[in-house]
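Commentary on secondary and tertiary structure
Chain by chain, the residues:
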Amino acid sequence: MAIKIFIDAGHNPGTINGGAYVDGYEEQAINYAVASMLADLLDQDCRFAVRTSRNTPEQVLGTDTVTSLQERVDMANAWLADFFFSIHCNYNDHPFISGSEIYVYQQDSIAWSMAQTILPIQCQIADTKNNRVRVDPALYVLRKTIMPALLFELGYMTNEEDLFRLVNDPFSFAYGIYCGLLYYFLKVNTTTYPCFF
């Protein structure tokens, strides 16, 4: 049986849960591009089954921020996904702050272990600074999903170098996550995921 990965392209086009906007670039559009590329990589690998929260660039989920997040969680939970990935970009008032991080619900969990494996590989391939795996149980999609969930902050749109990579090479982020995921499953017990081998 294939490993089921649900990929959430964070935020929406427009004003409903719209995300960051920097120098004419919308976070949601970058998120969508990376999520779509990652979904394509997984879809071409018979060891995985994949679904996405937003299936077109114009799709808007929910009528406000709460219902937008709830729709994403509900889709993943109803599908009984094995893992939930939410793709985002970061923002900071200080333009010198850069790099990638992954948020999980709690330390010493499956999500924590997976994130610790994926993040260094993603950073190496996308050429971003490794800001480490972080715990934030307040994040809605981490506390409401019934499966291990990772929220990716790919880079800072407010940092010139990060923004250039996010806009001009989104595939490196998708491929970095994919390669990190492959390496994670090569490390885990083969009896847990026999379909992978």
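Residues numbered from 1 in each chain as written. Predicted model: local features only at pLDDT ≥ 70, side-chain atom pairs only at ≥ 80, totals over all residues. Heavy atoms only, no water.

Looking now at the sheet that holds strand β8 (residues 149–156). In space, the six strands of this open sheet follow the order β4-β1-β5-β8-β6-β7, with mixed pairing throughout. The open sheet is flanked by β4 (48–52) and β7 (130–135), the only strands paired with a single partner. Averaged over all pairs of adjacent strands, the angle between strand axes in this sheet comes to 20°, irrespective of strand direction. Sheet topology note: the strand β1 (residues 3–9)/β4 ladder contains five bridges and is parallel. Across the sheet, residue phenylalanine 6 finds its bridge partner in β4, namely arginine 51. Set on the sheet, helix α1 (residues 27–43) makes contact with β1, β4, β5 (83–90) and β8; between it and β5 the angle comes to about 145°. (Pairing = 2+ DSSP bridges. Helix = DSSP H or I, 4+ residues; strand = E, 2+ residues; numbered from the N terminus. Axes fitted to C-alpha atoms, helices over the stretch in contact; angles between N-to-C directions. Contact = heavy atoms within 4.5 Å.)

Another point: unusual backbone geometry. The phi dihedral of aspartate 127 falls on the positive side, at around 60°, and the residue is not glycine. Mapped onto the secondary structure, aspartate 127 falls in the loop between α3 (110–126) and β7. Positioned with a positive phi, arginine 132 is a non-glycine residue whose angle comes to about 80°. Residue placement: arginine 132 occurs in strand β7.

So, about the nonpolar core. Phe85 and Leu150 are the most contacted members of the largest nonpolar core, which has 46 residues in total. Core analysis: the next-biggest nonpolar cluster, separate from the first, contains 13 residues, Val73, Tyr103, Val141 and Leu151 among them. (Core = buried A, V, L, I, M, F, W, Y, C linked by side-chain atoms within 4.5 Å. Buried < 20%, exposed > 50% of the residue type's maximum accessible area, 1.4 Å probe, protein only.)

Let's shift gears to the pattern of salt bridges. Scanning the entire structure with this criterion turns up five salt bridges. A salt bridge links aspartate 45 to arginine 47, with the nearest nitrogen and oxygen atoms 2.9 Å apart. Residue classification places arginine 47 among the partly exposed positions, given a relative accessible area of 25%. Several salt bridges share partner residues, and in doing so they unite Asp127, Asp162 and Arg165 into one network. (Salt bridge = Lys/Arg side-chain N within 4 Å of Asp/Glu carboxyl O.)

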